[in-house]
Amino acid sequence: MTTETTERTEDYLKTIEKIIEKKGYAQVKDVSRELDLSSPSVTGMFKKLTKMGYINYEKYGGVTLTAEGERIAKKTMEKHSTIRDFLLIIGLDEEIANHDACRIEHILTPQTFDRLTKFVEYMNFNQELPLCLDHFKYFYETGENIDCTLSSRGECPVHGKDHKASQK
């Protein structure tokens, strides 16, 4: 069953998957606690997710994901991870990166997500972040744009000799 999922549906499936990964099964109370919702609200959503073909739910029992539910959950978790990594690369702290990734993961087009994924893979492949990211962080903090080339690196306020010496 391939229908357009909502942010709420994706959040539920992602939460169920995380709980199952952690403790092997999920129950209404687990999802209720994780999403800070009432048990009746979660039970109602479980009924909808069952009708949609995303979960297997037995009243007073556990819940498991169908193959399609698991696919959506894993894809949402992958998006979250990639977006969080991107936000960390550009200098946000982990709490903000996680919060924003949770919101952004639902709205990206496949093309944007593919581009972000390749960017994060590229950045993680390189042992050192490119010089331009150091310059971006400096620009963000100071508002000052740096014209740093290989030949002028000695005068660079981020990479220059004077700066490196003052960092020690």
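Draft legend 1. Spotlight on the packing of helix H4 (residues 67-89) against helix H5 (residues 94-104). Relative to each other, H4 and H5 sit at 140°, their axes nearing to 8 Å. As summarised for this structure, H4 and H5 are arranged oblique, according to the angle between their axes. Here H4 runs over H5; the crossing is right-handed. Across from His80, Ile83, Arg84, Leu87 and Leu88 in H4, the residues of H5 making contact are Glu94, Ala97, Asn98, Asp100, Ala101, Cys102 and Ile104. Looking at the contact of H4 with H5 residue by residue, the classes come out as seven nonpolar, two polar and three charged.

Draft legend 2. Up close: the pattern of salt bridges. Counted by the stated rule, this structure contains 10 salt bridges. When the shortest N-O distance is used, the salt bridge between Asp30 and Lys23 registers 3.0 Å. Judged by its relative accessible area of 36%, Lys23 falls in the partly exposed class. Note that Lys75 and Glu78 form a salt bridge whose closest N and O atoms lie 3.9 Å from each other.

Draft legend 3. Geometry of the layout of surface pockets. Approximately 160 Å³ is the volume attributed to the second largest pocket. Along the walls of the second largest pocket sit Asp11, Lys14, Thr15, Lys18, Glu34, Leu35, His80 and Cys102, which together make up its complete lining. Taken together, the elements giving at least two residues each to the lining of the second largest pocket come down to helix H1 (7-23) and helix H2 (28-35). Among the elements that line the lining of the second largest pocket, the one with the most residues is H1, at four residues. Here the residues of the lining of the second largest pocket are counted per class, giving two nonpolar, two polar and four charged.

Rules of the game
Residues numbered from 1 in each chain as written. Predicted model: local features only at pLDDT ≥ 70, side-chain atom pairs only at ≥ 80, totals over all residues. Heavy atoms only, no water. Axes fitted to C-alpha atoms, helices over the stretch in contact; angles between N-to-C directions. Helix = DSSP H or I, 4+ residues; strand = E, 2+ residues; numbered from the N terminus. Parallel < 35°, antiparallel > 145°, perpendicular 65-115°, else oblique. Left-handed = near helix turned anticlockwise from the far one by under 90°. Contact = heavy atoms within 4.5 Å. Nonpolar A, V, L, I, M, F, W, Y, C, P; charged D, E, K, R; others polar. Salt bridge = Lys/Arg side-chain N within 4 Å of Asp/Glu carboxyl O. Buried < 20%, exposed > 50% of the residue type's maximum accessible area, 1.4 Å probe, protein only. 1 Å grid on protein atoms, 1.4 Å probe; cavity = no way out; pocket = protein on both sides within 12 Å on 5 of 7 lines; lining within 4 Å. Points joined across faces, edges and corners; volume = space filled by probe spheres on them.

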